[in-house]
Each structure stands twice: as C-alpha cells, then as structure tokens.
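Residue-level structure breakdown
Read off the chains here:
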Amino acid sequence: MADLRIDLAAEFRGKKAFKEADQAVSGLDRAVGKLGKQIAGVFAAQKLYAFGKASVKAFAQDEAAAARLATAVDNLGLSFSQTRVTDFIQNLEKTSGIVDDVLRPAMQALLTTTGSLTKSQELLNNAIQISRASGIDLATVSQDLANGYVGITRGLKKYNTGLTQAELKSKSFNEVLGIMLAKSAGAADAYLTTTSYKMDVLNVAADNAKETIGKGLVDAFAKMSNGTTASDAAKTIDNIAKAINGITSAVGGAIGALTRLYQKIDSTTKKIHDNYPDPFGLRDNANKMPAGRSSSPAGTYARIKQQKEAEAAAAKRAKELAALQAKQVKASKALTAEQKKQAALKKAGTVFDLEQIQLVAALKGKLSEDEKLRVEAQLALLNGNVELAKKLTDQILAAQDSSGNLAKFLAALPDARNPFQYLDAYLSYLAGKAASIATGTPFGQAQPNGNTQVSPTIPDTNVPSYPSDNMITYNPKTGLNYNPNVNNPPPAVINVTVQGSVIKEQELIAQIQNGTQLASLSGSPSQIGRIAGMFG
Amino acid sequence: MPVKLQGAVALRKALAVVEPTLAKETSKEISSFLKPVVKQARGYIPSNEQIISGWLIANARGTWARVGYDAAVARKGITYKSTPSRVNRQGFSALASIFNKSAAGAIYETAGRKSGLTGNFSPRLGGEIKGDKQKMQGRAIFRAFEEDRGKAQDGVVKAIFKAKSKFDSMKDKV
C-alpha cells in the first residue's frame, strides 16, 4: 500500500548507504593500516637502498671534483701543495657553510687564472664575501673575479660598484676589488649569525655524511664484487636492488633479510681482507686522493720550493699583466693626445686657408640674408662642420622655395581684369545692328542721311587664360617650379610632298626671263607698269 | 514537495532538552497549521451512505473484507505529526507530516488517479482528485493540502525559524 503522507518540511540526514560506505571505508582504513605496517619493512629497505644510491652518487661527484682540482694543482706545478689545498677547502667548508662541491670549482677557476695558491685563497675568501653581500652564487663571483684579474672587467658591472664601464676598464683589478670589498664589508660575518647559515652548516654536515657513507658503501660493494672500482660497486648495488625487489613478496622478512645482507657484506669484507692481503697497498689507495705529501722529511722542502716557484711565476705574470694594462692605458692616452693635437693643427690651418679667408671677408661685407646663408654654408662645409652645413643648406633651400621659383610664378600671373570690360563695345555693336534692322540698311552702306555705318567688330569676351595646375609643380628639394609652356608643346613639323620638281630662285628668274623673251619674239611683248605696279 | 531544512531536527532535540517549554510551544504552533488541513481533509471523506454499498465493511466479502469502508475509520485515519520522523530510504527526516493511514481512506484517496476514472469503481466514488503531480494527487488530504495553497507549509517553516531565533536569543543570554 502506498504510504499516503504529505511531508511539509524535511531535513536531509544522510542515507543509510552512506553509513554503510563509511563503515566500509573505516574497514578499508584498518586494512590499509595493517597493509601499511606490513609494507613498511619493504619501504624501509627501498629507502635504505635509495639513500645508499644517493650516497654513492654524492661520493662519486665529490671524488670527481676533487680529482679535477688535484689535476689543476698538479698542472700548476704545486703537486706538493695538494694537502694544503684540501685542508683549505675543508676548513672553508666548515667556517663558511658552503659545501666543498661548490668551493672546489671556484678554487679551481681562481687557481688556474692567478697561478698563485695564496692569491687564489685570498680571492676565494673575497668571492665568498661578495657572494654573501650580492646574493650571486659563489661560482659566478669567483669566475668574475678570475676574469677581472686578467683585465676582463665586464662581468664586474653586475655587482653595482658605482663605477662606469669606462672606469671599470681604466681602473686596475685591485682598485675595483677594493671598491667591491668596501661595499660588501661585513656581509660574510653578518651571514654567520643567520638561520640560513645554520641550515647551510647542517647541509654541509649531511652532505659530508652522505659522501662518507657513500665512500664506505663503494668500498664495501666493490669488495663484494671481488673488485676495487666504482663499477664493481655498481654491480653489487644492482644486485641489492634486485634482491630488495625480490624481498617485496616476502614482506615480513625484509628488514631481517637486509640486516643479514649487510652482515654478509661485513663478513665478506673481512674475509677478503683476511684471505687476500694487499702486498702493494693498491686496494686501500685505490679510491684515495693522492696526498701530494712526500713520505720523506725532504717533502716539506720540496713543497715549499714548488710553492715559492709558483708564487714567483704568478707574481711575474701579475706584473706582466699590470704592465700590459699600463701600456694599454698609456697607448690609449697617447692616441687621445694625438687626436687632440691633430684637431688643434687643423684649427690653426684654417687661419691660412685662402678660400676660408675670402669667405670670412665676404661675410663681413654687406650681404643679403640669402647670400649670407650661402656663404656660411660654404664655410661650414670647408670646416667639416656637417651639422651646421646641413642646417644652413636647408635654410637656403627653404629660401629658394619662397623667393625663387615662387617669385617667378607670381610674376607670371596675369593682371586681374574687369570681366565686364567688353560689355560697352558689345552693347554698341548690338545698337548698330538694331539700327540697321530698323532702317533696312545693311552694315557698311551709306544711309539716307549721308552717314555711313561702320560695322563694329565683335569684342572678345573670353576670359584670359591663367596658369593651369600643370604649369606649377613642387619638388621638396627645389621648391615650386613654373613652366608656362607645359601646355604648349613645340609646333609639329609638317612635311609637304610636292609633285614635280622644286627649283631655286635664280633658276626661276632665268625661266621667267626666257619665257618673256620668247613671248616678245613671237609678238607679245611684256609690259611693266612701274607706277601702276603691274607686269603683264 | 517538502521544504528542505538543515539542522531543524537537532534544534528540536536541543529544544526538548534545554527548553522543553519552547519545544512544546513549537509543536503546538506547527500543529495549529496542520490541524485545519486535516480537518478539511476529513471533511472530504464521504459518509457510509454516500459510498458504494458493496465496499462497506458490513457488506464486503473476500479480498475486499480486509479493506472494507467505514467512514469513521477513514476519518480517524487522517492525522498529522509535528515531530521529526525516522530517516527514510532517501535519507530524509520529515519535520511535519499529514497522513491518511486507513486502508479504505487510502483507496478513496487514490483510486483512479493513475488510470483515470474508468470501470465500475472509481467513477462511482465521487469527490474530486486534486493535486500538483500524480504522487501528490488525491481526494482527501492531497485535495485539502492543494486547496490550502501552501499556508500550512509556510506556517510550519516559520514556526521552526521562530523557534530557532528564540533558542538563539536564549543561548546568547546564557
């Protein structure tokens, strides 16, 4: 039966299905919780693997950077100072909170440029200070300083030294560096009090820990693969990864298995060490950096000697650079002085320039404005003053437009005439015509009263022609031009072809004479009436 | 269609615990809006004399004996409720309702509203089917509700809001 009811107001309080869904979800949560706990072991193993991999990678990168720096130090002839460089980097890392991965390339850039260990150390400290003050990363700052050291100061502009580009070029590197250091003074010390520095220190510690763990893992893994190199370690790491993936199926025993795995690593390492002694010490030294320190007491002497030689070479190079820079500045100054001298000579030469003298004399005379402009323009052209010459030429052209062709055009314009001037004559003509009609006497005949009417000529009523548009043209350079003959082309040549022969005047006279003589002989003499002016 | 309100059930429960007097007042006020509709609906229930004789409870046989018509029972079956109902399958709880509970009353209410007034039964019932949609059409309560033109519904909602504002003011005083 239908539920017959009318609900006037209702409230949605949730469906039963929702409750069921809630219960299902909470059940799922519990299940997931259990599952999470179960797979936590697997995750732990995977995290461990990931951390191990990252550690090995960090160690490999650190090792590569150290090797690059060591090579650079070797190439500079400072192989015995390797330990000092390493110690310096380590100490700087601790005090500045900058990881050695950043310090090493910076040091390398400075060392290869300056060639001096002490100068590089000093510049690296300066670079850190400038980096802290400017916020620009240390690698960029150290590279800019290295460039500045050899005279390429373009990169120093971004540090807002307040120097112009010309000043940066003309000032020595030490002067520019002094300004930069003065502006960034205290920045490095101030940074040491910040939380950011504390975080950096933690970061350095974590990074070093990772590298240390990575080194240990590489050693251990390499030995597990019966090898000594990093590639051997990589093989073992891959095997461990496979093992961890295999462990996923047996979730519960993952951690235990991993523990056993590491125990196995330890025991294997020990076995390798115990069973296979290393007579040449290669195994332990395989991944070690060359110390560069002599085992003999004479090593210190050699190191100091090397260092002194390198310092001397660097000082020599610095002197050469300074001398070169000074020479460049001197050459630049000499060039400027020479240019000034030549300009002065040219100025003096103008005093004796006859053409100029004439022009100056002309300017002193009485000249019209147009003439004055022309002379001044000529003088400017002679002196090589292009701007003034152009300005004056423009003025002349403007004047030409207004007083030259325009004036001609205006002069050619006809006078303004009275358009009704012809009316008097025309009215007289009409009156004469009317009178002749009234009297019945045609024009030009004597009238009964004895007067003779003369027919007046019809007056010209045409308005005189004015210059048409075609007669006037405008050229931006020469101004207005007027050509009254533009609409009257030259008369066409007409060739007349005469049938017969054309004779000269003398021949014609001769022919006439012959004709008259023949006529006279045949009885028809020619008569000439000089008074009447007749010939027959 | 019922007006949807949120928090009304909680309010009524809170009133019942904190302010029983106000709760009773609210119920009374809601009832005062429902009563006229119920009264009107009961008025549309025909008397025993007006109904088909074979359907009367006294004469009904077989299947019809269970749903035999008695005007008194049918009138009594038309009631109202001013307290929240249980949550239905759609998740709604009614705050105020009008019912037609008796079987005979329900038959009288709905006969012919779907198939039309055809055959020997529904055309002879009399009355008038009124209502908005098919499910809200009928001869008694739906007709009365339709003719009420929403006054009862407005009254119920206003009564609930009034109770809420009173409860809020009391809460602030505390």
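Here's the deal with the overall build of chain A
Within chain A, the regular secondary structure consists of 18 helices and five strands. With 536 residues in all, chain A has 26% of them scored as buried.

Topic: the overall build of chain B
Looking only at helices and strands, chain B has seven helices and five strands in total. For chain B, with 174 residues in total, the buried portion stands at 43%. Expressed as a percentage of contacts within chain B between residues at least 6 apart in sequence, the contacts between residues at least 24 apart total 59%. Of the roughly 10000 Å² of accessible surface on chain B, 53% is carried by carbon and sulfur atoms.

A few points about the environment of B:Phe121
All names here are of chain B. Tracing the backbone shows phenylalanine 121 in the loop between helix 5 (103–110) and strand 4 (130–131). When the C-alpha atoms of phenylalanine 121 and alanine 111 are compared, they prove to be 8.3 Å apart, with 10 residues separating the residues in sequence. Not counting the four nearest positions on each side in its chain, phenylalanine 121 is found in contact with Ile52, Trp55, Trp64, Ile107 and Ala111.

Concerning the interface of chain A and chain B
Much of the literature gives interface size as the accessible area that the parts lose upon coming together. Facing 13 residues of chain A, the contacting portion of chain B comprises 38 residues. Together chain A and chain B conceal approximately 2200 Å² of surface at their shared face, both sides included; 62% is due to carbon and sulfur atoms. Three residues, A:Leu4, A:Ile6 and A:Leu8, lead the burial of chain A against chain B; their summed loss comes to 37% of the area buried on that side. Counting the contacts that link chain A with chain B gives zero salt bridges. Remark: the boundary between chain A and chain B carries 13 residue pairs in polar contact (both at pLDDT 80 or more). Its residues assigned to classes, the side of chain A that touches chain B comprises seven nonpolar, one polar and five charged. Where strand 1 (residues 5–12) of chain A lies against strand 1 (residues 3–4) of chain B, two bridges are found, and the strand directions are parallel. What sits directly across from A:Ala9, in strand 1 of chain B, is B:Val3.

A word on a nonpolar patch on the surface
Taken together, A:Phe420, A:Leu423, A:Leu427 and A:Leu430 make up a surface patch of nonpolar side chains, about 390 Å² in accessible area. Along the chain, A:Phe420 turns up in the loop between helix 16 (386–412) and helix 17 (423–439).

Focus: the packing of helix 3 (residues 100–114) of chain A against helix 4 (residues 117–134) of chain A
In helix packing, the relevant descriptors are the interaxial angle and the interaxial distance, both defined with respect to the helix axes. Residue and element names in this part refer to chain A. One can describe the packing of helix 3 onto helix 4 by two numbers: an axis separation of 9 Å at closest approach and a directional angle of 130 degrees. Here helix 4 runs oblique to helix 3, going by the angle between their axes. When the axes of helix 3 and helix 4 are compared, the crossing they make is right-handed. Between helix 3 and helix 4, the contacting residues are Leu103, Ala106, Met107, Leu110, Leu111 and Thr114 on the first element and Leu117, Lys119, Ser120, Gln121, Leu123, Leu124 and Ile128 on the second. For the contact of helix 3 with helix 4, the class distribution of residues is nine nonpolar, three polar and one charged.

Considerations on the pattern of salt bridges
All names here are of chain B. Across all of its chains, the model carries 10 salt bridges over all chains by this definition. The residue glutamate 128 makes a salt bridge to arginine 143 at a minimum N-O spacing of 3.6 Å. Here the residue glutamate 128 occupies a position in the loop between helix 5 and strand 4, and arginine 143 occupies one in helix 6 (residues 141–148), the gap between them amounting to 15 residues. The salt bridge involving lysine 164 is made with aspartate 168; its shortest N-O contact spans 3.0 Å. Of this pair, lysine 164 and aspartate 168 both sit in helix 7 (residues 151–173), four residues apart, which is roughly one turn of the helix. On the accessibility criterion, lysine 164 (39% relative accessible area) is partly exposed. Via salt bridges that share partners, Glu128, Lys130, Arg143 and Glu147 belong to a single interconnected network.

Describing the packing of aromatic side chains
All names here are of chain B. Under the definition given, this model contains six aromatic pairs over all chains. The interplanar angle of 85 degrees and the centroid separation of 6.3 Å between the aromatic rings of tryptophan 55 and tryptophan 64 together place this pair among those described as edge-to-face. When its relative accessible area of 1% is taken as the criterion, tryptophan 55 is described as buried. Arranged with centres 5.2 Å apart and planes meeting at 80 degrees, the rings of tryptophan 55 and phenylalanine 121 form a pair that is edge-to-face. Of this pair, tryptophan 55 sits in the loop between helix 2 (20–43) and helix 3 (63–66) while phenylalanine 121 is found in the loop between helix 5 and strand 4, placing the two residues 66 residues apart along the sequence. Among the aromatic residues, those joined into a ring-pair cluster are Trp55, Trp64, Tyr69 and Phe121. The residue whose ring lies beneath lysine 101 is phenylalanine 99, and the NZ or CZ to ring-centre distance is 5.3 Å. Here arginine 143 stacks its cationic end above the ring of tyrosine 44, 3.9 Å away from the centre of that ring.

Thoughts on the sheet that holds strand 2 (residues 78–81) of chain B
Read from one edge of the open sheet, four strands run 1(B)-1(A)-3(B)-2(B), paired in mixed fashion. Edge positions in the open sheet fall to strand 1 and strand 2 of chain B, since each of these has one partner strand only. Here helix 6 of chain B sits on the sheet and contacts strand 1 of chain A together with strand 2 and strand 3 (92–100) of chain B; the angle it forms with strand 1 of chain A, its principal contact strand, is near 70 degrees.

Some thoughts on helix 6 of chain B
Residues and elements named next belong to chain B. Counting buried residues along helix 6, six of its eight residues qualify, which places the element largely inside the surrounding structure. Taken together, the buried positions of helix 6 are Ile141, Phe142, Arg143, Ala144, Phe145 and Asp148. Phi turns positive, to about 60 degrees, at arginine 149, one or two residues after helix 6.

A look at the side chain of A:Thr114
Residue and element names in this part refer to chain A. If you trace the backbone, threonine 114 turns up in helix 3. For threonine 114, a relative accessible area of 1% puts it in the buried group. Those residues in contact with threonine 114 that sit more than four places away from it in its chain are Lys119, Ser120, Leu123, Tyr149 and Ala314.

Thresholds applied
- Residues numbered from 1 in each chain as written.
- Chains lettered and ligands numbered in written order.
- Predicted model: local features only at pLDDT ≥ 70, side-chain atom pairs only at ≥ 80, totals over all residues.
- Heavy atoms only, no water.
- Helix = DSSP H or I, 4+ residues; strand = E, 2+ residues; numbered from the N terminus.
- Buried < 20%, exposed > 50% of the residue type's maximum accessible area, 1.4 Å probe, protein only.
- Contact = heavy atoms within 4.5 Å.
- Areas by Shrake-Rupley, 256 points an atom, 1.4 Å probe, with all protein chains shown as cover.
- Buried area = accessible area lost by both parts, 1.4 Å probe.
- Salt bridge = Lys/Arg side-chain N within 4 Å of Asp/Glu carboxyl O.
- Polar contact = N/O pair within 3.5 Å; in protein donor to acceptor, adjacent residues only side chain to side chain.
- Nonpolar A, V, L, I, M, F, W, Y, C, P; charged D, E, K, R; others polar.
- Pairing = 2+ DSSP bridges.
- Patch = residues over 30% accessible without salt bridge, like charges linked within 9 Å, V, L, I, M, F, W, Y side chains within 5 Å.
- Axes fitted to C-alpha atoms, helices over the stretch in contact; angles between N-to-C directions.
- Parallel < 35°, antiparallel > 145°, perpendicular 65-115°, else oblique.
- Left-handed = near helix turned anticlockwise from the far one by under 90°.
- Phe/Tyr/Trp six-rings, centres within 6.5 Å; stacked < 30°, edge-to-face > 60°.
- Lys NZ or Arg CZ within 6 Å of the ring centre and 35° of its normal.

This is a description of form; function is not addressed.
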